[in-house]
Amino acid sequence: MSGWATPSPAKPSALHGKARVGFSVREGQSLRNLISFLVGILCFVRFQVIGEVYVSEVLLAGLLPFLLTTRGHLLRNPTVLAFVGLIGLWLFAQVLTDVVRETDFFDYARGWANIVVFLVNACALYLLLYGSRRRFVLFAFGLALGKLLSYWLTPSIFAEAHPWKFGSAQGIVLLAILVPLWRPIKWSPMLATAPLLAVGIYSLIVGFRSMFACALIASLSLLAQRFFCRSPRPLRVNPPFLAIGLLAGTLLAALGTLELFELSVSKGYVDEQTAQTFEFQSQGQFGILAGGRSGLFAAIPAILDSPILGHGSKAKSAYYAARIMDARDYGYMVHMSVPLHGDLIPSHSMLFGTWVEAGIGGIFFWIWFALLIVAVLANLCVAREPLSLLIFYLGFTQLWHIPFSHFGGDQRLTTAFVLCLLVVVRQVLRNSRSALSGAVPLVPTRRPASELV
């Protein structure tokens, strides 16, 4: 697995006439490779301080001063400065909200720590992994094993109730993507996507619809990429059209997933509990999307009543928490979809949860992140990149998580990894003059900075 850099213009023949993202053959340092793997796998060890802390995060925090000393100049990347600034704005909005709302110490300490630890994770991972595909793969491999160890050794109450969705699925799906990176099969789209599609189909049968949808969309995107890259001449496509096509394909794949699942339910291919849950979640006025995320019936009124200033870290309100019951007015069975946790305002969304807690200043990062994902994935469709399947899957999965998944816990580390991966890919695409122009040149016009190697 080679370092992430662009090829020398002196050897254009190495590109074999194909449009691809360039990279050099220099390997990352062995120590960084080992640390990358250890940071990933140690995510299964966690303990309680103010909130839940992972050994991986402690290790990253300890590494950050050394990484800043040796590679701190890499943070001058405009995209890195953008996400650091936006996370800083999010933290400022959270502090301001908690001061005005007079949030309890234990709550605001957890809320501030959640943001600070995420920022540390993102910066440390970027400095550690930057410049080597091998390190990104080793971290992802360690993360997959760590998630499996976490499920086997210390399963959560959710994993005990749903062993696939909240247990082994996240680790196994990463392994299904990483194994085909072996050289004999990595450039065969059918072989590369087969393990991922197999995991996705099983996920659909057991009711984990979002994983199937992301697996399907990622596989189709890889096939589209191979089609576009067959031409010996650079493909020129207007980036807005690429983004529109990507979003349209995503929507069609999502609708197809729902149709397939409904067919599976009607044919009796799923177990009784999964079929019953689907029936309860899909019978309401807004369909299964709102039925599976009934916390939005509480979060949206809280946002509308205070759109600028949030309700504080770990926001609590008996009134807004009770608004989740409004879902019943639209035909949903609330107790089958979202459990009540005292007075805590439910949202089950990174975007809306941040808006509820920190106010409007907290949401700009998530909006920027979603736009970054769309831009990178759209341009990746016309650029040949060895880690494309991993990037596609994690990108589409993160697009789902931003509006529909809770932020915190192990999501801090996983989200930071996805963010770093996309930032580096965006820079590689720009070095190949493809991100903005829509063209993937055969030979870059300039050599990259030495730190890319």
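Shown above is the structure to which this text applies.
If you're wondering where the values come from, they're calculated on a predicted model, not measured in any experiment.

## A few points about the overall build of the protein
Right, on to step 1. Along its length, the protein carries 18 helices and 2 strands.
Right, on to step 2. Sorting the 453 residues of the protein into buried and exposed places 53% on the buried side.
Right, on to step 3. Relative to all contacts within the protein whose residues are 6 or more apart in sequence, the contacts with residues 24 or more apart total 78%.
Right, on to step 4. As displayed, the protein has an accessible area near 20,100 Å², and 67% of this comes from carbon and sulfur atoms.

## Description of the packing of helix α9 (residues 209-228) against helix α17 (residues 388-404)
Right, on to step 1. Closest axis-to-axis distance for the α9/α17 pair is 9 Å, and the angle between their directions is 140 degrees. By the angle between their directions, the pair α9 and α17 is classed as oblique. The handedness of the crossing between α9 and α17 comes out as right-handed. Facing α9, whose interface residues are Ser210, Met211, Cys214, Ala215, Ile217, Ala218, Ser219, Ser221, Leu222 and Gln225, α17 presents Ser388, Leu389, Phe392, Tyr393, Phe396, Thr397 and Trp400.
Right, on to step 2. Its residues assigned to classes, the contact of α9 with α17 shows 11 nonpolar, 6 polar and no charged.

## Description of the pattern of salt bridges
Right, on to step 1. Inspection of every chain in the model, using the stated rule, returns 5 salt bridges.
Right, on to step 2. For Arg133, the salt bridge identified is with Glu385, shortest N-O distance 2.8 Å. Highlighted residues: Arg133 in helix α5 (residues 133-153) and Glu385 in the loop between α16 (363-380) and α17, separated in sequence by 252 residues.
Right, on to step 3. Of the residues examined, Arg133 reaches a relative accessible area of 0% and is grouped as buried.
Right, on to step 4. What makes Glu385 buried here is its relative accessible area of 1%.

## Quick notes on the environment of Lys314
Right, on to step 1. Relative to the helices and strands, Lys314 resides in the loop between α13 (296-305) and α14 (318-322).
Right, on to step 2. The spatial distance from the C-alpha of Lys314 to the C-alpha of Ala109 is 9.9 Å, given a sequence separation of 205 residues.
Right, on to step 3. Contact partners of Lys314, with chain neighbours within four places excluded, come to Asp107, Arg110, Leu344 and Glu357.

## Digging into α17
Spacing of three or four residues puts side chains on the same side of an α-helix, whose turn is 3.6 residues.
Right, on to step 1. Between its first and last C-alpha, α17 extends 24 Å over 17 residues, near the 24 Å set by a 1.5 Å rise per residue.
Right, on to step 2. Burial analysis of α17 places 14 of its 17 residues in the buried class, which makes it a mostly covered element.

## Concerning the environment of Gly395
Right, on to step 1. Considering the arrangement of structural elements, one finds Gly395 in helix α17.
Right, on to step 2. Sequence spacing of Gly395 and Leu372 is 23 residues, and the spatial spacing of their C-alpha atoms is 9.5 Å.
Right, on to step 3. Residues within four places of Gly395 in sequence aside, it is in contact with Ile373 and Leu377.

## What about the packing of aromatic side chains?
Right, on to step 1. Scanning the entire structure with this criterion turns up 22 aromatic pairs.
Right, on to step 2. Measuring from centroid to centroid gives 5.3 Å for Trp366 and Phe407, while their planes differ by 70 degrees, and the two rings are edge-to-face. With Trp366 in helix α16 and Phe407 in the loop between α17 and α18 (411-431), this residue pair connects regions lying 41 residues apart in the sequence. Each of the two residues, Trp366 as well as Phe407, counts as buried.

## Some details on the packing of α16 against α17
In a packed pair of helices, the relevant descriptors are the angle between the two axes and the axis-to-axis distance.
Right, on to step 1. One way to put it is that α16 packs onto α17 with a least axis distance of 10 Å and a crossing angle of 150 degrees. Put simply, α16 runs roughly antiparallel to α17. When you trace α16 past α17, the crossing you get is left-handed. Here Trp366, Phe369, Ala370, Ile373, Val374, Leu377 and Leu380 of α16 lie close against α17, whose contacting residues are Ser388, Ile391, Phe392, Gly395, Phe396, Gln398, Leu399 and Ile402.
Right, on to step 2. Split into classes, the residues belonging to the contact of α16 with α17 amount to 12 nonpolar, 3 polar and no charged.

## Here we look at helix α15 (residues 350-358)
Right, on to step 1. The element α15 is largely enclosed, with a buried count of 7 among its 9 residues.
Right, on to step 2. Inspection of α15 places Met350, Leu351, Gly353, Thr354, Trp355, Val356 and Ala358 among the buried residues, and these make up the whole buried set.
Right, on to step 3. Contacts made by the buried residues of α15 are with α3 (78-101), α13, α16, α17 and α18.
Right, on to step 4. Taking the backbone nitrogen of Leu351 as reference, a side-chain oxygen 3.4 Å away marks Ser349 as the first, capping residue of α15.
Right, on to step 5. Two residues or fewer past α15, Gly359 is found with a positive phi of approximately 90 degrees.

The rules we used
All residue numbers refer to positions counted from 1 along the written sequence of the respective chain. Whole-chain, interface and lining totals are the exception, using all residues; otherwise, since this is a predicted model, local features are given only for residues with pLDDT of at least 70 and side-chain atom pairs are given and counted only at 80 or more. Only heavy atoms go into the side-chain values, all of them from the structure, while hydrogens and water stay out. What counts as a helix is a DSSP run of H or I of at least four residues, what counts as a strand is a run of E of at least two, and both are numbered from the N terminus. Burial classes follow relative accessibility: with a 1.4 Å probe on protein chains only, a residue under 20% of its type's maximum area counts as buried, one over 50% as exposed, and anything between as partly exposed. Working rule for contacts: check all heavy atoms of both residues, and any pair within 4.5 Å makes them a contact. To be clear on the numbers: accessible area is Shrake-Rupley with a 1.4 Å probe, and residue cover counts the displayed protein chains and nothing else. Inter-axis angles, ranging from 0 to 180 degrees, are taken between N-to-C directions of lines fitted to C-alpha atoms, where helices are fitted over the stretch in contact. Any angle from 65 to 115 degrees is called roughly perpendicular, while one under 35 is roughly parallel, one over 145 is roughly antiparallel, and all others are oblique. The crossing is said to be left-handed when, going from far helix to near helix, the turn is anticlockwise and less than a right angle, and right-handed when the turn is clockwise. Lys, Arg, Asp and Glu make up the charged group, whereas Ala, Val, Leu, Ile, Met, Phe, Trp, Tyr, Cys and Pro make up the nonpolar group; the residues left over, Gly among them, are polar. Here a salt bridge means any side-chain nitrogen of Lys or Arg lying within 4 Å of a carboxyl oxygen belonging to Asp or Glu. A helix's residues, less one, multiplied by 1.5 Å, set its expected span. Classification of ring pairs rests on two measures: the distance between centres of Phe, Tyr or Trp rings, Trp counted by its six-membered ring, which must be within 6.5 Å, and the angle between planes, read as stacked under 30 degrees, edge-to-face over 60 and tilted in between. Counted as a polar contact is a pair of N or O atoms within 3.5 Å, where, for protein atoms, one must be capable of donating a hydrogen and the other of accepting one, and residues adjacent in sequence contribute only when both atoms are in side chains.

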